[in-house]
Amino acid sequence: MRAIVAGIPANAKPKISDFRVRARAGFRLYPREKTSMTMTISVALERSPYLVHVEPGILDRCGELVRKTTATTRCALVTDSNVGPLYAERARTSLESAGFVVDVITVPAGESSKSMDEAARVCDVMIEAGHDRSSVLVALGGGVVGDLAGFVAAIYYRGIPYVQIPTTIVAQVDSSVGGKTGVNAPGGKNLLGAFHQPGLVLADPETLGSLPRREFHEGFAEIIKHAAIRDPEMLDHFDDLPALVARNVAIKAAIVAVDEFETKGLRALLNFGHTIGHGIEAAAGYGRYLHGEAISLGLAAACRLSVKNAGLAPDDALRIEQALAACELPLRLPDDIPTSDILAAMRKDKKFHSGQIRFVLLRALGDAFVTRDLHEDDLVAEIEGLRA
Ligand SMILES: NC(=O)c1ccc[n+]([C@@H]2O[C@H](COP(=O)([O-])OP(=O)(O)OC[C@H]3O[C@@H](n4cnc5c(N)ncnc54)[C@H](O)[C@@H]3O)[C@@H](O)[C@H]2O)c1
Ligand SMILES: [Zn+2]
């Protein structure tokens, strides 16, 4: 096992010979030998440090690894209706062989499960089954399951430990690390929640092999975002998925370690591409674009704004756009999504503080900063530019 402390690991790229090529978009999902490779990133938080292990096939070892974090026997395994049939039995078998008594709780797949109602339902099932504060919760699924189950763990008996086993790219490189948990309110996304860090994160790149093609590519928007704000060299290493996941976790971990509660401005850099991207996502009507697809448009606009306002080299903006295109992500905004709707949606955004826009720009690839100097007109011009 190799240890990578938060930061960009110099040795994150395993030897190509460790992998066999898998026929999904040329990405390697498995090592040749099941034994060989764990990449471990430590999330160095003062109060609650934890480890993220990235390893193809680690799902089958989750029991022994969760066991190292707790002596308890009761375990609630929360998953969704897509992920459960694919992976819950493997997780359960491993957990049971490590001595856990496991209750599998399945929520309907999709964003609508991130609700107070669903959180209450999961809590009810756990109360009914006799779970108390000594139970451990395991979240097996994408960001929806992770955010919902993490929130349940945050409030159940005023907080129980939980483990994330993320199964989408977004969840592996972003949402499972950092302790932001929560659900949506009728008035807006992610309005109800709590910071509650997991005790352990187990990312199995093998599980990404069952993602539908569109959901698979969507996740690369966040990876390209990380590359743009922190690690442009990563753009040359897209073919090696386990290493790529580890590298992205290291970026997220490093940011979270410095700015756990989003009070120091660093975590705000993760919003790169998201101001306009969220506006487009909402204006298009939720469901038309996957989140990452809308963020792709937001990233393209933010790069062009960076060229005009922060000195980003045009070739570097182009490099980001080419990476997005290579991942089958959109770069052109259709005419039937009016700019006025996008602006109206953006005005509801938390980042539009009393009319003042907090916007993340790049001076260069890897060098991001927050500015308050942009005006709505600047954004309008760039949104229009996406139609060209
Ligand atoms: N907490 C954070 O810091 C944070 C960060 C980013 C996003 N998020 C949240 O994450 C959510 C989005 O997460 P997501 O993109 O993972 O969506 P998701 O959890 O809805 O998963 C996408 C779809 O893929 C299915 N799926 C998941 N894993 C699969 C697999 N391995 N094989 C086949 N199908 C699989 C799911 O059932 C779902 O239908 C949003 O609610 C967003 O707000 C949270
Ligand atoms: Zn995002």
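Below, the structure is looked at part by part. Nothing here was measured: the structure is a model prediction, and the numbers come from that model.

Tracing the backbone through its elements, the reader meets Asp-204 in the loop between β12 (200–203) and α6 (213–218). In this structure Asp-204 is buried but unpaired, with Arg-90 as the nearest side chain of opposite charge at 4.3 Å. Within the structure, Asp-204 has its side chain in polar contact with the backbone nitrogen of Ile-58 (distance 3.3 Å). From its side chain, Asp-204 meets the backbone nitrogen of Leu-59 in a polar contact 3.2 Å long. When near neighbours in sequence (up to four residues on either side) are disregarded, Asp-204 contacts Glu-55, Pro-56, Gly-57, Ile-58, Leu-59, Arg-90, Pro-166 and Gln-172.

Turning our attention to the packing of helix α12 (residues 339–347) against helix α13 (residues 376–385). Relative orientation and spacing of two packed helices are given, respectively, by the angle between their axes and the distance between those axes. In contact at an axis separation of 10 Å, α12 and α13 are set at 135° when each is read in the N-to-C sense. By the angle between their directions, the pair α12 and α13 is classed as oblique. When you trace α12 past α13, the crossing you get is right-handed. Every residue of α13 that contacts α12 at Thr-339, Ile-342, Leu-343, Met-346 and Arg-347 is listed here: Glu-376, Leu-379, Val-380, Ile-383 and Glu-384. For the contact of α12 with α13, the residue count by class is six nonpolar, one polar and three charged.

In a soluble, globular protein the nonpolar side chains are often hidden away together inside. Residues Phe-220, Phe-238, Phe-272, Ile-276, Ile-280, Phe-359 and Leu-362 are the most contacted members of the largest nonpolar core, which totals 79 residues. The element that contributes the greatest number of residues to this core is helix α8 (residues 241–258), accounting for eleven residues. If we skip the residues at most four places from it in the chain, Phe-359 touches Thr-275, Ile-276, Ala-302, Leu-305, Phe-369, Val-370, Thr-371, Leu-374 and Leu-379. Core analysis: the next-biggest nonpolar cluster, separate from the first, contains 22 residues, Cys-62, Val-83, Tyr-87 and Ile-165 among them.

Here the focus is the pattern of salt bridges. For the coordinates displayed, the defined rule picks out 26 salt bridges. Among the salt bridges present, the one from Asp-147 reaches Lys-114, with a minimum N-O distance of 2.9 Å. Of this pair, Asp-147 sits in helix α4 (residues 143–155) while Lys-114 sits in the loop between β7 (101–107) and α3 (116–128), placing them 33 residues apart in sequence. Among the residues examined, Lys-114 registers a relative accessible area of 4% and is labelled buried. With a closest N to O distance of 3.0 Å, Lys-225 and Glu-222 form a salt bridge. Taken together, the residues Lys-225 and Glu-222, both in helix α7 (residues 220–229) and three residues apart, mark about one turn of the helix. The exposure class of Lys-225 is buried, given its relative accessible area of 2%. Overlapping salt bridges, with partners in common, bring together Glu-111, Lys-114, Asp-147 and Lys-189 in one network.

A few words on the site of ligand 1. Taken together, 24 residues lie around ligand 1, and Asp-80, Glu-111, Gly-143, Thr-168 and Ser-210 are the ones closest in. In this structure, Lys-180 approaches ligand 1 through a main-chain N or O atom, which is 2.9 Å from a nitrogen atom. Between ligand 1 and the protein, one listed contact pairs a nitrogen atom with a side-chain N or O atom of Ser-210 at 2.7 Å. Taken by itself ligand 1 offers 860 Å² of open surface, and the protein chains cover 85% of this. Counting residues per element, the ones that place at least two in the shell around ligand 1 are α2 (83–97), α4, α5 (169–175) and β11 (188–195). Taken together, the residues of the shell around ligand 1 sort by class into seven nonpolar, nine polar and eight charged.

Tracing the sequence through the fold places Tyr-289 in the loop between α9 (274–283) and α10 (291–310). Taking the C-alpha atoms as reference points, Tyr-289 and Pro-330, 41 residues apart in sequence, are found 9.5 Å from one another. The contact partners of Tyr-289, leaving out residues within four places of it in the chain, are Arg-214, Ile-280, Ala-284, Ala-294, Leu-297, Pro-330, Arg-332, Pro-334 and Ile-337.

Counted at 1.5 Å a residue, the expected span for helix α11 (residues 314–326) with its 13 residues is 18 Å, and the 18 Å between its end C-alpha atoms agrees. All of the buried residues along α11 are Ala-317, Ile-320, Glu-321, Ala-323 and Leu-324. Seen end-on, α11 carries its buried residues on one side only, within an arc spanning 155°. Exposed side of α11, more than 90 degrees from the buried face: Pro-314, Asp-315 and Ala-326 are the residues found there. Buried-residue contacts for α11 involve α7 and α10. Looking at the residues trailing α11, positive phi occurs at Glu-328, about 60°.

Criteria and cut-off values
- Residues numbered from 1 in each chain as written.
- Chains lettered and ligands numbered in written order.
- Predicted model: local features only at pLDDT ≥ 70, side-chain atom pairs only at ≥ 80, totals over all residues.
- Heavy atoms only, no water.
- Helix = DSSP H or I, 4+ residues; strand = E, 2+ residues; numbered from the N terminus.
- Buried < 20%, exposed > 50% of the residue type's maximum accessible area, 1.4 Å probe, protein only.
- Lys, Arg positive; Asp, Glu negative; His and termini not counted.
- Salt bridge = Lys/Arg side-chain N within 4 Å of Asp/Glu carboxyl O.
- Polar contact = N/O pair within 3.5 Å; in protein donor to acceptor, adjacent residues only side chain to side chain.
- Contact = heavy atoms within 4.5 Å.
- Axes fitted to C-alpha atoms, helices over the stretch in contact; angles between N-to-C directions.
- Parallel < 35°, antiparallel > 145°, perpendicular 65-115°, else oblique.
- Left-handed = near helix turned anticlockwise from the far one by under 90°.
- Nonpolar A, V, L, I, M, F, W, Y, C, P; charged D, E, K, R; others polar.
- Core = buried A, V, L, I, M, F, W, Y, C linked by side-chain atoms within 4.5 Å.
- Near = heavy atom within 4 Å.
- Areas by Shrake-Rupley, 256 points an atom, 1.4 Å probe, with all protein chains shown as cover.
- Expected span 1.5 Å × (residues − 1).
- Arc of directions from axis to C-beta.

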